[in-house]
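The chain contents come next:
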Amino acid sequence: MRLNKKNHTILIVDDSPSIRLTMCKFLESQAYQVIIAESGEKALALYREFRPDVVLMDYFMPDLDGIAVYKLLQSRYQEQLAPIIMITTSDNEAAVEEAFTVGMTDFITKPIHWTVLKHRLQRILAARQSEAFAQSVIAYSAVGIITVDEEGSIQFANTAVTKMFDYLPAQLAGSDITRLLPGLTLSDFCGNNSRYPSKREDRTARRRDGAPLPVECVISPFMIDGNCWVTIFVSDVTERRQAEEAVRESEARLRTITESAKDAIIMMDPQGRTSYWNAAAEHLLGYSRTEALGRDLHQLIAPDRYLAIQQAAFAKFQQSGQGNAVGTSMELEACHKDGREIAVEVSLSSLELPDGWHSVGILRDISERKQMESQIRHLATHDALTGLPGRVLAHDRLAMAISLPHRALIAVMFVDLDNFKNVNDTFGHSNGDYVLRHVAKKMRSSLRDKDTLARVGGDEFLVIATDLRSQDDAAIVAKKIISVVTEPIQWHGGEAVVGASIGISLYPSDATDLEELIQKADAAMYNVKKTGKNGYRFAAQ
């Protein structure tokens, strides 16, 4: 702390005019304010008027000597008394001893060594200023400070304590500490050792009106003349307790919400370990909370095909809490404990905590929605009665087959059932539908897995046979179809026999265009119908 001399006043008390004058000039040259008293009585009066910061007092004076003046000042001002430096001769050791015995601050001998006086004043004033600052800090600290003697009596309580407990200072002086802190026993803090550790405790204090007051205490024992005293630092933690309770209530509400949520809520720590796993997550993924917590989340529920991508993305997330998936929703698969994959919609968010970035994922089971979407897509591209691909899907597959580089033939076969109208007319449409399903199943079984069988009309089908070596291979396929179609079809209460007229076009010999291939196969089928039905014919014939 820097010493500002202009703010300090020095009182010189000496009956020698020459010493007073010389000392006054020196102190003024050092920028001090100086007042002078030629006697003890005058010193008492000037002290009362100016309250100097330091007194330079001669030991020998005609009316009252320096010791007598000091005793009068000390009795009047006690702890507020300024430092007093005794001025005496170098051989008067008795005076020095007496000065220290009564409590004077220091002494300086005649003839005065001015450099010594200069530094001694600076040291004393700096110490006084530091002490005043410390006392001010203690007195007006927001933390309550209490000093208790070995008997448990309060010897000091700062302003924060009196405000905190609603007492006047005089009401606390000498009171037992249990008046403020019920149950506090000094023996709990003062043992047999000369050095005692400080202890931090949460206690319930008592205000003047008897109301309980939650406080945090730091209790620090220290020794005075072989007796154990304690300094207690007291902080009102009412607001903190209320905030903690509010946090607990908020956490309880949040826990209730997350545990009752239908969606799985999962939290992952900065090391990639599962740190939260709600009841819905247990139901969705099969792992209990105990099984999941602390496990590497990616290893636990991510399919192997996603692991490398997810781990790379997580490494980026650890640095900044950012990533392509953060703040978005995406659809992917998660592994159940039993090994099956579940379609889920995942929403990811990030949360920065003191130990790093955490991620929160909300997982919703979309298996039923995916199944429904798949069914809708299937119905859009497949025949509802037979389950076979429809016209649009058949055309897409033919276009795909034509676009691929190959040297083999592709056969497009247009199949029309013979005598099917009579089946509908004779046995009704429900039995006619049965016949269509039966025929479709039989034709499908006669083809290779890579071949396509589609229903493109009421009793019309389209076959796409790929990778054929020659026209003869196409003929073999057509003969198999005719063979299985012409087998009698029986059901409870009836029997029907149908045939198959098949027109065949070949890619690339007959055409290279999709529509032209189908048209030529259709035309060839009608030629079979004209020449007796239940057979096959190539477009080039």
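Student: Looking at this structure, I do not really get the pattern of salt bridges. What am I missing?
Tutor: For side chains of opposite charge, pairing can occur when their charged atoms come near one another. According to the stated counting rule, one finds 30 salt bridges in the structure shown. A salt bridge links arginine 248 to glutamate 245; its shortest N-O distance comes to 2.8 Å. Of the two residues, arginine 248 and glutamate 245 both sit in helix H8 (residues 238-260), three residues apart, roughly one turn of that helix. For arginine 248, a relative accessible area of 44% puts it in the partly exposed group. Overlapping salt bridges bring together Arg200, Asp202, Glu216, Arg240 and Glu244 as one network.

Student: Just to check I follow, could you spell out the side chain of serine 220 for this structure?
Tutor: Looking at the element boundaries, serine 220 is found in strand E9 (residues 212-224). The class for serine 220 is buried, based on a relative accessible area of 17%. Looking at serine 220, its side chain comes within polar contact range of the side chain of serine 198, at 2.7 Å. When sequence neighbours within four positions are dropped, the list of residues in contact with serine 220 reads Ser198, Trp229, Val230, Thr231 and Phe233.

Student: Help me understand the sheet that holds strand E14 (residues 341-353), please; the structure alone is not making it clear to me.
Tutor: If you trace the five strands from one edge of the open sheet to the other, you get E12-E11-E15-E14-E13, paired in antiparallel fashion. The open sheet terminates on both sides in strands that have one partner only, identified here as strand E12 (274-277) and strand E13 (329-335). Going from strand to strand, the sheet's axes swing by 35° on average, the running direction of each strand aside. Pairing analysis gives 10 bridges linking E14 to strand E15 (residues 356-365), with the strands arranged antiparallel. Its bridge partner lying in E15, serine 349 is registered against valine 360.

Student: Explain the packing of helix H2 (residues 40-50) against helix H3 (residues 66-77) to me, please; I cannot follow it from the model alone.
Tutor: Each pair of packed helices can be described by the angle between their axes along with the distance between the axes. H3 packs onto H2 with a crossing angle of 25° between their chain directions and a minimal axis gap of 10 Å. Considered as vectors, H2 and H3 are oriented roughly parallel to each other. For H2 against H3, the interelement crossing comes out right-handed. Contact residues: Gly40, Ala43, Leu44, Tyr47 and Arg48 in H2; Val69, Leu72, Leu73, Arg76 and Tyr77 in H3.

Conventions and cut-offs
Residues numbered from 1 in each chain as written. Predicted model: local features only at pLDDT ≥ 70, side-chain atom pairs only at ≥ 80, totals over all residues. Heavy atoms only, no water. Salt bridge = Lys/Arg side-chain N within 4 Å of Asp/Glu carboxyl O. Helix = DSSP H or I, 4+ residues; strand = E, 2+ residues; numbered from the N terminus. Buried < 20%, exposed > 50% of the residue type's maximum accessible area, 1.4 Å probe, protein only. Polar contact = N/O pair within 3.5 Å; in protein donor to acceptor, adjacent residues only side chain to side chain. Contact = heavy atoms within 4.5 Å. Pairing = 2+ DSSP bridges. Axes fitted to C-alpha atoms, helices over the stretch in contact; angles between N-to-C directions. Parallel < 35°, antiparallel > 145°, perpendicular 65-115°, else oblique. Left-handed = near helix turned anticlockwise from the far one by under 90°.

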